[in-house]
Amino acid sequence: MFAGLHDFMDADFFEGNRYIHIYAEDGRILVYEIFAAYEFSVAHLLTAYDLGSDAGYEQYLDSIRENADSGGHFWQEGDLTTDDRIITLSTCVGRRSSKRYLVQGVLVADVL
């Protein structure tokens, strides 16, 4: 369904397409700045990490940082904290059932 996410494998595309816009039913526009695009395990993020606690969310952020050397693309100018709101888009990786391709953004604007 999200095969277009693979375009972010190209460094030029990653650098040239930095934002995700979500148009909510209530009229808000959520703007996320893309900070990462990389291969990840098939672990279901909502069940693999306790995202309801600061410690669990920090563990999740650490897993993102650990993947920075995985050959994906990462924006290095900012450091994520447990105060940040992140969106993760995910798609399959060809015929490799043990991997997912993730594109992640951090919320930078919530406009009504």
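What counts, and where the lines are drawn
- Residues numbered from 1 in each chain as written.
- Predicted model: local features only at pLDDT ≥ 70, side-chain atom pairs only at ≥ 80, totals over all residues.
- Heavy atoms only, no water.
- Helix = DSSP H or I, 4+ residues; strand = E, 2+ residues; numbered from the N terminus.
- Rg over C-alpha atoms; globule rule 2.2 N^0.38 Å.
- Buried < 20%, exposed > 50% of the residue type's maximum accessible area, 1.4 Å probe, protein only.
- Contact = heavy atoms within 4.5 Å.
- Lys, Arg positive; Asp, Glu negative; His and termini not counted.
- Charge placed at Lys NZ, Arg CZ, Asp CG, Glu CD.
- Pairing = 2+ DSSP bridges.
- Phe/Tyr/Trp six-rings, centres within 6.5 Å; stacked < 30°, edge-to-face > 60°.

1. Concerning the overall build of the protein
Then step 1. Within the protein, the secondary structure is distributed over three helices and five strands.
Then step 2. Mapped from its N terminus to its C terminus, the protein presents α and β elements in the order α-β-β-α-α-β-β-β.
Then step 3. For the protein, the C-alpha radius of gyration of 14 Å lies close to 13 Å, the compact-globule estimate for 112 residues.
Then step 4. Summarising its shape, the C-alpha atoms of the protein cover approximately 40 × 35 × 30 Å along the three principal directions.
Then step 5. Every one of the 112 residues in the protein was classed for burial, and the buried ones make up 34%.
Then step 6. Long-range pairs, those at least 24 residues apart, make up 61% of the contacts in the protein with a sequence separation of at least 6.
Then step 7. The positive charge centre, built from 8 side chains, and the negative charge centre, built from 19, are 9 Å apart in the protein.

2. Brief notes about the pairing of strand 4 (residues 86-93)
Then step 1. Relative to strand 5 (residues 96-111), strand 4 runs antiparallel, the two sharing eight bridges. Each bridged residue has a counterpart across the sheet, and for V93 the counterpart in strand 5 is R96.
Then step 2. Hairpin remark: strand 4 followed by strand 5, antiparallel, with two residues in the connecting loop; positive phi at G94, about 50 degrees.

3. Describing the packing of aromatic side chains
Then step 1. For the coordinates displayed, the defined rule picks out five aromatic pairs.
Then step 2. A network of ring pairs unites the aromatic residues Y38, F40 and F74 as a single cluster.

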